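Listed below are the residues making up each chain.
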Amino acid sequence: MAILALKSRPTEITPDADKSGAIELVRYVCAIGAMQTAAAIPRVVPITHCGPGCADKQYVNLTFYNGFQGSGYGGGPVVPSTNASQREVIFGGADRLRELIESSQLVLDADLFVVLTGCIPDLVGDDVGSVVRDFQKRGVPIVYAETGGFRGNNFTGHEAVTHAIIEQYLGPWDGVRERGTVNLWSLLPYQNTFWRGDLEEIKRLLEGIGLNVNVLFGPDSEGLSEWRNIPRAQFNLVLSPWLGLSTAELLARRYEQPYLHIPVVPIGARESGAFLRKVASFAGISVDVVEAFIAKEEKRYYNYIDGFTDFYSEYWWGLPARFAVIGDSAYNLALTKFLVTQLGLIPAKQIVTEDPPVEHREAIQAEFRAIDDDVSVDVEFVEDSYTIHQALRNADFGHKPPIIFGTTWERDLVKEMKGSLIEVGFPASYEVVLSRSYVGYRGALSLLERIYTTVVSHSA
Amino acid sequence: MVLNLKTSSVETREQRLGTIIGWDGTASKLADESAFSRGDCSGCGTKARRVCELEGPFTQGSVCSEQMVECQAGNIRDAVLIQHSPIGCGAGQVIYNSIYRNGLAMRGLPVQNIRFISTNLRERDMVYGGAEKLAEAIRLAVERHQPKAVFIATSCASGIIGDDIESVARTAESEFGIPIIPLHCEGFKSKHWSTGFDATQHGILRQIVRRNPEKRQDDLINVINLWGTDVFSPMLGELGLRVNYVVDMATVEELAQMSEARATVSFCYTLGTYLATALEQEFGVEQIKAPQPYGFAGTDAWLRELARVTGRGAQAEDYIAREHARVKPLLDELRPKLKGLKGYVATGSAYSHGLIGVLREIGVEVDGSLVFHHDPVYDSEDPRQDSLGHLIENYGDVRHFTVGNRQQYQFYNLLQRVKPDFIIIRHNGLAPLAARLGIPAIPLGDEHHALGYQGMVNLGESILAALQHRKFHKDIAKRVSLPYKQSWLAQKDPFALARAAS
């Protein structure tokens, strides 16, 4: 297998092709961070072939200091690593990797191993594919993805892992499609601080209109049996601005399986209803079923919103009017949509930080431009936090204190601006997150609680 | 052995000290095999390696030298750390920001974000080199933060592609007029992360510490530590001495004045060995050669040696007597409450030697410990610093003394062998396993917690608090499934795979 290009490249690598600059205070990690994508699948264990600190760095920062989520059954400190040394750099590390895979089978109780490479084997040119194929031939459930840190970030690494499992673990399939079953490709596990609760809520919504959901990642996934069932599903649902699209396209090529792409992760009743109607229409679910579910959800939702209305209309000491969102495109778009269309807040600055592939940027721009009938947003793509903070300082927040949806990095800045900070993305080191969700009907209510508890707690 | 400050790269721990990361036996056997050899280091030669090491086929993710550069050079208040690496090394900015902010708050300093810049090396840079990106990152660091110094952490990738970091740094230094300091800390170059401490200290010694100090500050003591609470100022204040905390939370000027100080101490010889030895070798700043300041025996000896070197014997004796009188009744109250408990220490090497002593002072049984590496000798080669020997002589042997590079899969077997009531831990990844076995942990984020006389009281109280957590842990222990095979969990020997391989 040829080296998998994780980042889309114009053509050849040339000295001028890459404009990426320095990054102060990171908002994503590198491709091998996708070890936690593997670990997000129940009973799957990643094996890392990399330097001694790589696995630790990725997991500690993604899973601990980002909402203190916990690192999962086979993730974090469980993850085997070659801890590559001078010897592997000089003489190559294929033998060491073989030894590690052999011994991993003696120690670890896993349904599937996913080998991920770091900078060292990718630079010295270890033939990891041939090592792993030997094990595959012997019937060991194992796949590999080349995820050297210089090749991309944990978003592209995530797609490399999903591709690896589909291409190397799932066999050919020519059975009958199971109507009403959907594969869900949405938020990036662990990078998104609230992914577990959010996937649970999205699954609940889809089940509410009668779908059977392969959620694939997290506590609500059945694990590898779900993955083996991927080709049987009626369709793939990509619920994010771009992440998961290449996986859906791979499945379309490989299994002629259709996919539905909805860029906006729904927050609140308006978007959740629109989302469910789109999915139902694509899946051929009867309108009655969908409308009945929506009505039931809205009854509960608006009952609480009705109570909130007293506060929202009558809180004497002022509520923020203008907001900024600094974060991954998925949550940025979802939050902006909700805050603009449902709360009537004014967007002051929206910055997308995960370095989306160039070919998807225009589509993301278009979504923000059409955020509401009367509101259009010019989104920026920036990864360097110093630049981001300068942009926030220069943004027009009017005469009221701003509310910033961002990360721990914004903590000092928001104090300086006398505003409120809601940590909604990596890194969120001042949030402890278990099952909390900010999406769908239920998540929207939690989000409102979080926003206005933060605002109110600033008063005397 | 003379430390070589002429080359830009530090010699690794395994080269200098014979450091190992795999061993299992009694503490006394390890001390016997170590180069200190219970007080006689005459046979060490220039390369100190003496101890046979266990090396197995299965390893879990460890920690690298670059992370230790982040946790020291990255925590200097008026400097910037550039990580010359792909973005993944920059992941560490998150944890070290959290630690830095908490550390600043504990010391009463203004809380602020860390200042780390990643050069964000990409595929193109692997082909064409990343020197230009490094030069640009240095320029950004200077423009944005007006730092007093800029540190550059190398990475596995920059090391393999062979970027000429030295010449970029030299050019920038002449352009900006501040120290631009390359720290060579490629993860693959040393099997143990503590080499990263030495890499940071090596760079500071070469480019920040004043080479020809015009004055001496005879009452100034360098204290090599991390981010712990300020327990040294009141203690050393009793002797009329002032504290110069290095490296974390220090300013560049505070680092520069290390050569003017009277003496150097540290809370842990694993951390401080290189810097303290080099300060003595290069500038005549005496390193205090004594046991570490833990428990009565260690703290007494440490204070007396510090007092001897600084000529403050009477003040020290007075302070020691007062502290003994103050602390003893407190410990007498604690000991019955702690009676019958068994503790387990899983920390860095020299730190563990100190903590075991404290546990035994307060009547807690210790028959096992895991240290993440072992240095058979420290850079001073002075047997008065033999922290493991001191532990054994003053507090007795430790039956199950294990050297292991933070391997969770072995930790299960280690705990089964000892069955402790609680563990004391630094570093991530092990306490979560213990928790799932029903064993609470005391995570020592503040490394000074158990230090000195008051430290014995502190630790005793922390144990009592942690024991209440057992309710939580016993509940979760019934409900978890561990990712390890039953055959491995049944294994009595944590090093079975290593022994089968050799």
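Predicted, not measured: the structure shown is a model, and the values here were computed from it.

What follows concerns the interface of chain A and chain B. Contacts between chain A and chain B engage 71 residues on the former and 69 residues on the latter. Between chain A and chain B lies a buried interface of about 5,700 Å² when both sides are counted; carbon and sulfur atoms form 58% of it. Seen at the junction of chain A and chain B, the total is nine salt bridges. Asp412(A) serves as the salt-bridge partner of Arg101(B), at 2.9 Å between the closest nitrogen and oxygen. Linking chain A with chain B are 39 residue pairs in polar contact (both at pLDDT 80 or more), by the criterion used here. Sorting the residues of the side of chain A that touches chain B by element identifies β1 (23–24), α2 (54–64), α3 (86–91), α4 (94–107), α5 (119–124), α15 (385–394) and α16 (411–416) of chain A as the ones contributing at least two each.

Further remarks concern empty space enclosed by the protein. Left-over empty space is what a probe sized like a water molecule reveals as it rolls over the atoms. Scanning all chains against the criterion turns up ten cavities of 30 Å³ or more. Space inside the largest cavity adds up to approximately 220 Å³. Residue lining of the largest cavity: 24 residues in total, with Cys54(A), Cys119(A), Gly88(B), Cys89(B) and Cys156(B) positioned closest to the centre. Looking at the lining of the largest cavity, the elements with two or more residues in it are α2 and α5 of chain A together with α7 (156–161) of chain B. Ranked by residue count, the leading element in the lining of the largest cavity is α2(A), at three residues.

Right, let's get into the sheet that holds β1(A). Across the sheet, five strands lie side by side as β1(A)-β3(B)-β2(B)-β4(B)-β5(B); this open sheet has mixed pairing. Because the sheet does not close on itself, it has two edges, and the strands there are β1 of chain A together with β5 (180–183) of chain B. The sheet contact formed by strand β4 (residues 149–153) of chain B and β5(B) spans four bridges and is parallel. The partner of Ala153(B) across the bridge, within β5(B), is Leu183(B).

To continue, consider the packing of aromatic side chains. One pass over the full model with this rule turns up 31 aromatic pairs over all chains. Ring centres of Phe58(B) and Tyr409(B) lie 4.7 Å apart, and the angle between their planes is 90°; on these two criteria the pair is classed as edge-to-face. With Phe58(B) in the loop between α2 (27–33) and α3 (65–72) and Tyr409(B) in helix α17 (residues 408–418), this residue pair connects regions lying 351 residues apart in the sequence. Across the pair, exposure class does not vary: Phe58(B) and Tyr409(B) are buried alike. Ring centres 6.2 Å apart and planes at 80° place the aromatic pair Phe232(B) and Tyr245(B) in the edge-to-face group. Of this pair, Phe232(B) sits in helix α10 (residues 232–237) while Tyr245(B) is found in strand β7 (residues 242–247), placing the two residues 13 residues apart along the sequence. Across this residue pair, the class does not change: Phe232(B) and Tyr245(B) are buried. It is Arg361(A) that lies over the ring of Phe381(A); its NZ or CZ is 4.8 Å from the centre. One cation-aromatic arrangement involves Arg411(A) over Tyr430(A); the distance from NZ or CZ to the ring centre is 3.5 Å.

Take the environment of Leu306(B) next. Residues and elements named next belong to chain B. Summarising the element assignment, Leu 306 is placed in helix α13 (residues 295–310). Taking the relative accessible area as the measure of exposure, Leu 306 reaches 0% and is therefore buried. Spatially, the C-alpha atom of Leu 306 lies 29 Å from that of Val 366, the residues being 60 residues apart in sequence. Non-local contacts of Leu 306, meaning those with residues more than four positions away in its chain, are made with Ile 221, Leu 236, Leu 239, Leu 241, Val 265 and Ile 288.

Next up on the list: helix α6 (residues 128–137) of chain A. Residue and element names in this part refer to chain A. If you check which residues of α6 are buried, you get Val 128, Gly 129, Val 131, Val 132 and Phe 135. End-on, the buried residues of α6 take up no more than an arc of 165°, which puts them together on one face. Where α6 is buried, its residues contact β2 (44–49), α4, β3 (112–117) and β4 (142–145). Once α6 ends, the next one or two residues include Gly 139, with phi positive near 85°.

Taken as a whole, the second largest pocket encloses approximately 750 Å³ of empty space. Along its surface, the second largest pocket is lined by 35 residues, and Arg87(A), Ile21(B), Glu55(B), Thr59(B) and Lys191(B) are the ones closest to its centre. At the level of secondary structure, the elements contributing two or more residues to the lining of the second largest pocket comprise α3 and α4 of chain A together with α17 and α22 (496–501) of chain B. Of the residues forming the lining of the second largest pocket, the biggest block, three residues, is contributed by α3(A). The residue makeup of the lining of the second largest pocket, split by class, is twelve nonpolar, 14 polar and nine charged.

Moving on, we come to the pairing of strand β2 (residues 79–83) of chain B. Residue and element names in this part refer to chain B. Here β2 lies mainly inside the structure; five of its five residues are buried. Note: β2 against β4, five bridges, orientation parallel. Across the sheet, residue Val 80 finds its bridge partner in β4, namely Val 150.

With that settled, the discussion passes to the side chain of Ser349(B). Residue position: Ser349(B) is located in helix α15 (residues 349–361). In this structure the side chain of Ser349(B) is engaged in a polar contact, spanning 3.4 Å, whose partner is the backbone oxygen of His373(B).

Here the focus is the pattern of salt bridges. Side chains that carry opposite charge are capable of pairing whenever their charged atoms lie near each other. Residues and elements named next belong to chain A. Under the criterion given, the structure shown has 59 salt bridges over all chains. Linking Glu 207 and Lys 203 is a salt bridge whose minimum nitrogen-to-oxygen distance equals 3.4 Å. With Glu 207 and Lys 203 both in helix α8 (residues 195–208), this residue pair falls four residues apart, about one helical turn. With a relative accessible area of 37%, Glu 207 lands in the partly exposed category.

Residues and elements named next belong to chain B. In space, the six strands of this open sheet follow the order β1-β12-β11-β10-β13-β14, with mixed pairing throughout. At either end of the open sheet lies a strand with only one pairing partner, and these are β1 (22–25) and β14 (441–443). Looking at each pair of strands side by side, their axes are set apart by 15° on average, direction ignored. Across three bridges, strand β13 (residues 422–425) lies against β14 in parallel orientation. Across the sheet, residue Ile 425 finds its bridge partner in β14, namely Pro 443. Running over the sheet, α15 touches β10 (342–347), β11 (365–371), β12 (400–404) and β13 and is turned about 165° from β10.

What counts, and at which threshold
- Residues numbered from 1 in each chain as written.
- Chains lettered and ligands numbered in written order.
- Predicted model: local features only at pLDDT ≥ 70, side-chain atom pairs only at ≥ 80, totals over all residues.
- Heavy atoms only, no water.
- Contact = heavy atoms within 4.5 Å.
- Buried area = accessible area lost by both parts, 1.4 Å probe.
- Salt bridge = Lys/Arg side-chain N within 4 Å of Asp/Glu carboxyl O.
- Polar contact = N/O pair within 3.5 Å; in protein donor to acceptor, adjacent residues only side chain to side chain.
- Helix = DSSP H or I, 4+ residues; strand = E, 2+ residues; numbered from the N terminus.
- 1 Å grid on protein atoms, 1.4 Å probe; cavity = no way out; pocket = protein on both sides within 12 Å on 5 of 7 lines; lining within 4 Å.
- Points joined across faces, edges and corners; volume = space filled by probe spheres on them.
- Pairing = 2+ DSSP bridges.
- Phe/Tyr/Trp six-rings, centres within 6.5 Å; stacked < 30°, edge-to-face > 60°.
- Buried < 20%, exposed > 50% of the residue type's maximum accessible area, 1.4 Å probe, protein only.
- Lys NZ or Arg CZ within 6 Å of the ring centre and 35° of its normal.
- Arc of directions from axis to C-beta.
- Nonpolar A, V, L, I, M, F, W, Y, C, P; charged D, E, K, R; others polar.
- Axes fitted to C-alpha atoms, helices over the stretch in contact; angles between N-to-C directions.

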